[in-house]
Amino acid sequence: MKLAGGCHCGAVRYEVEGEPYTHALCHCSDCRRHAGAPMVGWTMYAQEALNITKGTPKIYESSEHGRRQFCPDCGTGLFYSNSQVLPGLIDIQSGTYDAPEQIPARVHIQVAERISWMERAHELPVFDRYPPTE
């Protein structure tokens, strides 16, 4: 399988080839705060499966060994690596794929840090676009 993706503004583009080890929805506070979202989807690949085809992501040292890469222009989070915990592996934010539906999520991780209301988020009302204003 070969997938392409990139940041919101298009300054950084990438391709990844092969099957991901997993696709996890992470609920840790670091991911939430970095993304400004209640959880973040990550697909994990061998580092060599990733090819950046346009631009150069900026690297942020988010912890002693954690490195988060994002677009220096629009700020879109793209990649995460940790040479100590996940040697030779890279996580790609699955929401940045051109066709994110190609790789369904498989697991929830770091649920010990999950925002409590996320446990029942699937029970909320749904709307194709916006809720009615009246």
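Up top is the structure.
Because the structure is predicted, anything quoted here is derived from the model rather than measured.

The rules behind each value
- Residues numbered from 1 in each chain as written.
- Predicted model: local features only at pLDDT ≥ 70, side-chain atom pairs only at ≥ 80, totals over all residues.
- Heavy atoms only, no water.
- Pairing = 2+ DSSP bridges.
- Helix = DSSP H or I, 4+ residues; strand = E, 2+ residues; numbered from the N terminus.
- Axes fitted to C-alpha atoms, helices over the stretch in contact; angles between N-to-C directions.
- Salt bridge = Lys/Arg side-chain N within 4 Å of Asp/Glu carboxyl O.
- Buried < 20%, exposed > 50% of the residue type's maximum accessible area, 1.4 Å probe, protein only.
- Core = buried A, V, L, I, M, F, W, Y, C linked by side-chain atoms within 4.5 Å.
- Contact = heavy atoms within 4.5 Å.

(A) Summary view of the sheet that holds strand β8 (residues 77-82). Here we have seven strands laid out as an open sheet, ordered β6-β7-β8-β9-β4-β3-β10, and mixed in their pairing. One side of each edge strand has no neighbouring strand; the edge strands of this open sheet are β6 (58-61) and β10 (107-109). Put simply, the sheet's adjacent strands are angled 30 degrees from each other on average, direction ignored.

(B) Fine view of the pattern of salt bridges. Evaluated as defined, the whole model comprises four salt bridges. Of the charged contacts, one joins K2 and E15 as a salt bridge, the two residues approaching to 3.5 Å between their closest N and O atoms. Separated by 13 residues along the polypeptide, K2 in strand β1 (residues 2-6) and E15 in strand β2 (residues 13-17) bring together distant segments of the chain. Judged by relative accessible area, which is 52%, K2 ranks as exposed. Residue E61 pairs with R67 through a salt bridge whose shortest N-O separation is 4.0 Å. Owing to a relative accessible area of 56%, E61 belongs among the exposed residues under this scheme.

(C) Representation of the sheet that holds β1 within the structure. The three strands are arranged β1-β2-β5 in an open sheet whose pairing can be described as antiparallel. One side of each edge strand has no neighbouring strand; the edge strands of this open sheet are β1 and β5 (50-54). Here the strands of the sheet are splayed against their neighbours by 25 degrees on average, with no regard to which way each runs. Two strands pair when backbone bridges link them, and β2 and β5 are joined in this way by four bridges, in the antiparallel orientation. Each bridged residue has a counterpart across the sheet, and for E15 the counterpart in β5 is N51.

(D) Quick look at the nonpolar core. Grouped together as the largest cluster of nonpolar side chains are 15 residues, with contacts concentrated most on Y14, V16, Y45, F79, I92 and Y97. Of all elements in the fold, only β2, β8 and β9 (89-93) reach the threshold of two or more residues within this core. The contact partners of I92, leaving out residues within four places of it in the chain, are Y14, V16, G41, W42, T43, Y45, L50, L78, F79 and Y97. Formed by six residues, the second largest nonpolar core is a distinct cluster that contains C26, C28, C31 and Y80.

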